Amino acid sequence: LGVFTYDPAFFSTSSCTSQITFIDGDAGLLYYRGYPIEQLADKSDFLEVCYLLLKGELPNKAQKDEFKSVITRHTMVHDQLARFYNGFRRDAHPMAVMVGVVGALSAFYHDSLDVNNPQNREISAHRLLAKVPTIAAMAYKYNIGETFMHPRNKFSYVENFMYMMFATPAEEYVPNPVLVRALERIFILHADHEQNASTSTVRLAGSSGANPFACIASGIAALWGPAHGGANEAALKMLEEIGDVSRVADYVQGVKDKKYKLMGFGHRVYKNMDPRASVMRQTCYEVLKELNLENDKLFQLAMELEKTALNDSYFIERKLYPNVDFYSGIVLRAIGIPTNMFTVIFAVARTIGWVSQWNEMVGDAEQKIGRPRQLYRGATRRDFVPLAKR
Ligand code: CMC
């Protein structure tokens, strides 16, 4: 291929330099700006992690309060945007709604088109962080035919999202702190993951100078697939399909016979336990305990499936371990989030990662448009044949 390297699926290509997220897949390590994910999941909160990813350092008290106040100011969406929803079928997949409505934000904020101005980039980042949960909750409410709930600024970021999802005008909403903490953890664990498929999509779209709303919409589209963000939905469906612990061995045999994949298992980078999966398993246990669901059938099944796979040579040889999405579906389901919203939750959480990576790239003066090459395997030169002679 001359001077070019053929690297399909980018197994060995670094597409950029970055100072945001570090992964050591062999050791099972994940750090945001140098901080281990386990410490952030345990001691921090989502908005603080957002500040860290976007700006590079943890905020002090004044910076944290100011950031919360700025984000809170942007949580409402334009009334005109709310009318978009009527154009979708009620039974549209919420991810389809997300791709459309988030992209449409660029029609409302014309300053976002000038991406070379750092102040414009900052306000776009704040708008995205603030509005994506509102847009996501509206997609859910539209889907089930309930009234949209306006954001309530007295709540934390995660509480507010739960409020917009679950509250109705008829009753006062009181968030359960254990469930809020669990969702906060899910958000923190999914916030960034260096150059995965959706983030690389955002960077590639952004490398042309496209506005951030369009770029994030492209990231949402890439996230949707079952090999990426759709895995949490697929993993829960798989557990439901298996249905009973007694069927685990048969199901695993089907995986080994290559009939299907074990969803929530395996990772391009982790060839060891995904550190997010350990936190998720513990969170899963805490949530089920809080809800008196310790004997939850799907949780028991998931643990049995994990044990069986981890002791099987097929998985050992290929270094296949549970990833973050093996347990997250059970937690989301226990919180009351329907399966078709799982990937939307991932998109809400990942928005800050996409925005931070996009901002880092656009802010780099040496950045050029992304333009992979190809290995051409088509026909050699030939002359056009008129229709009558074909
Ligand atoms: N179940 C069964 N076999 C698997 C699985 C799996 N989940 N994942 C990989 N393999 C096998 C694969 O068939 C191949 O076997 P062989 O060498 O015999 O051909 C070997 O392991 C290497 O797999 P690969 O397809 O080359 O690995 P990849 O890096 O291209 O794929 C992956 C990574 C995550 C797409 C894949 O592991 C997968 O599809 N997992 C299930 C979906 C999933 O859980 N995705 C969520 C990833 S974490 C959340 C996120 O960041 O999006």
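Residues numbered from 1 in each chain as written. Predicted model: local features only at pLDDT ≥ 70, side-chain atom pairs only at ≥ 80, totals over all residues. Heavy atoms only, no water.

A few words now on the nonpolar core. Where a protein is soluble and globular, its nonpolar side chains tend to be buried together. Ranked by size, the top nonpolar core spans 120 residues in total, and within it Phe46, Leu183 and Phe187 carry the most contacts. Per-element accounting of this core gives the leading share, 13 residues, to helix H17 (residues 342-362). In this view, Phe187 contacts Phe46, Tyr157, Val158, Phe161, Ile345, Val348 and Ala349; residues no more than four positions away in its chain are not counted. (Core = buried A, V, L, I, M, F, W, Y, C linked by side-chain atoms within 4.5 Å. Buried < 20%, exposed > 50% of the residue type's maximum accessible area, 1.4 Å probe, protein only. Helix = DSSP H or I, 4+ residues; strand = E, 2+ residues; numbered from the N terminus. Contact = heavy atoms within 4.5 Å.)

Take the site of the ligand next. Lining the immediate environment of the ligand, one finds 21 residues, of which His228, Lys258, Leu262, Gly264 and Arg268 sit closest. The backbone of Gly264 places a nitrogen or oxygen atom 2.9 Å from an oxygen atom of the ligand. Here Tyr314 contributes a side-chain N or O atom positioned 3.0 Å from a nitrogen atom of the ligand. If the ligand stood free it would expose 940 Å²; the protein chains cover 76% of that surface. Along the lines of polarity and charge, the residues of the shell around the ligand split into 10 nonpolar, six polar and five charged. (Near = heavy atom within 4 Å. Polar contact = N/O pair within 3.5 Å; in protein donor to acceptor, adjacent residues only side chain to side chain. Areas by Shrake-Rupley, 256 points an atom, 1.4 Å probe, with all protein chains shown as cover. Nonpolar A, V, L, I, M, F, W, Y, C, P; charged D, E, K, R; others polar.)

Turning our eyes to something else, we now look at unusual backbone geometry. The phi angle of most residues is negative, glycine excepted, and most peptide bonds adopt the trans form. For Arg33, which is not glycine, the phi dihedral falls at a positive 50°. In this fold, Arg33 is placed in the loop between strand E2 (29-32) and strand E3 (35-36). For Lys319, which is not glycine, the phi dihedral falls at a positive 55°. Following the sequence through the fold, Lys319 ends up in the loop between helix H15 (313-317) and helix H16 (325-335).

Looking now at the UniProt feature "active site" (unreviewed entry) in the protein. Using the residue numbers shown here, the UniProt feature "active site" (unreviewed entry) corresponds to His267 and Asp325. These annotated residues cover 59 residues of sequence, and their C-alpha atoms all fall within 10.7 Å of one another, placing them together at a single site. You can call His267 partly exposed: its relative accessible area is 23%. In this view, His267 contacts His193 and Arg276; residues no more than four positions away in its chain are not counted. At 3.4 Å, the side chain of His267 and the backbone nitrogen of Tyr270 are in polar contact. In this fold, Asp325 is placed in helix H16. Given the relative accessible area of 4%, Asp325 is considered buried. Those residues within four positions of Asp325 in sequence are excluded, and the remaining contacts are His190, His228, Ala231, Asn232, Ala235, Gly264 and Phe346. (UniProt positions renumbered as here; feature names shortened; annotations may be inferred.)

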